[in-house]
Amino acid sequence: MRILVSNDDGIAAAGIPPLVEALSSLGEVWLVAPEQEQSAKSHSLTMWEPLRVRSLAPQRFAVGGTPADCVYLALHELLDFQPDLLVSGINRGSNLGNDVLYSGTVAAAMEGCLHGVPSLAVSLHILPGEQILHWESAAELVRRVGAQILERGLPRRCLLNLNVPNRPLEEIAGIRPCRLGERSYDELVDKRFDPRGKPYYWIGGGHNTFCEEPNTDGPLMAQGVASLTPLSPDLTHDAQLGALSEWSL
Ligand code: MN
């Protein structure tokens, strides 16, 4: 088995070594990750400037672009084979509910999915102030989910999104399949002024609350349960598709 690993926290991220180690028990691991932090870059591709690739070691590459760039280049240039599995992560911070639309971690897995590679995104749910990060818990759960993907496969246009509470493995109460929930954010706009008096902004507040709908991903974190959600690139709203047929178009 050959496994492609990417992420959005950058090639030096702390989430990579435990992930690579865990996946090494399932197959040969190739790593193609961004040179720099790319969190919240979603699925963007670098199309208007050159992309540089730095070879770090055999089967290890850093790309001066986005997570989607990494997977695109890996599949079409750097690897001369189609991997059996793609894993993106382990992200520093969860990707729950609406997060998946902003996430570079999920986008790397989505890019794999679009190219027919069974793909998994994995993120560690870290609460503000938590200093000890249990990467090893997430890595072990990835190993379990990854083994199942390799054994059972995934349908076309389906990827998996795994979120793991930041706890020791023995304190995690299993992995539960669930729906994507809703998450709201602090709507931060921090307006500042540069030395020439012109305004500039920092946007993107912290996470606020989860919608408490049953069987959705966010609320599971507080229960110490890892969430596993199947996602699809098909964002069609089926009910409204039917309703649109009644519009005067
Ligand atoms: Mn990230």
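Predicted model, so just to flag it, every value in this text is computed and none were measured.

Peer 1: Before we move on, can you summarise the pattern of salt bridges with the specific residues and values?
Peer 2: Going through the model one piece at a time under the given rule, you end up with 5 salt bridges. Among the salt bridges present, the one from Glu 140 reaches Arg 143, with a minimum N-O distance of 2.9 Å. Taken as a pair, Glu 140 and Arg 143 lie in helix α5 (residues 135-152) at a separation of 3 residues, close to a single helical turn. The exposure class of Arg 143 is partly exposed, given its relative accessible area of 28%. Note that Glu 140 is salt-bridged to Arg 144, the shortest N-O span being 2.9 Å. Here Glu 140 and its partner Arg 144 are both found in helix α5, 4 residues apart, which amounts to about one turn of the helix.

Peer 1: Run through the pairing of strand β2 (residues 28-34), naming residues and quoting values.
Peer 2: Here is the key point about a regular strand: its side chains alternate between the two faces of the sheet. With 6 of 7 residues buried, β2 lies mostly within the body of the structure. Relative to β2, strand β1 (residues 2-6) runs parallel, the two being bridged by 4 bridges. Along β2, the bridge assignment pairs Arg 2 with Glu 28. The β-α-β motif built from β1, the intervening helix α1 (residues 16-24) and the parallel element β2 has right-handed crossover chirality.

Thresholds applied
- Residues numbered from 1 in each chain as written.
- Predicted model: local features only at pLDDT ≥ 70, side-chain atom pairs only at ≥ 80, totals over all residues.
- Heavy atoms only, no water.
- Salt bridge = Lys/Arg side-chain N within 4 Å of Asp/Glu carboxyl O.
- Helix = DSSP H or I, 4+ residues; strand = E, 2+ residues; numbered from the N terminus.
- Buried < 20%, exposed > 50% of the residue type's maximum accessible area, 1.4 Å probe, protein only.
- Pairing = 2+ DSSP bridges.
- Right-handed = clockwise from strand over helix to strand, strands pointing away.

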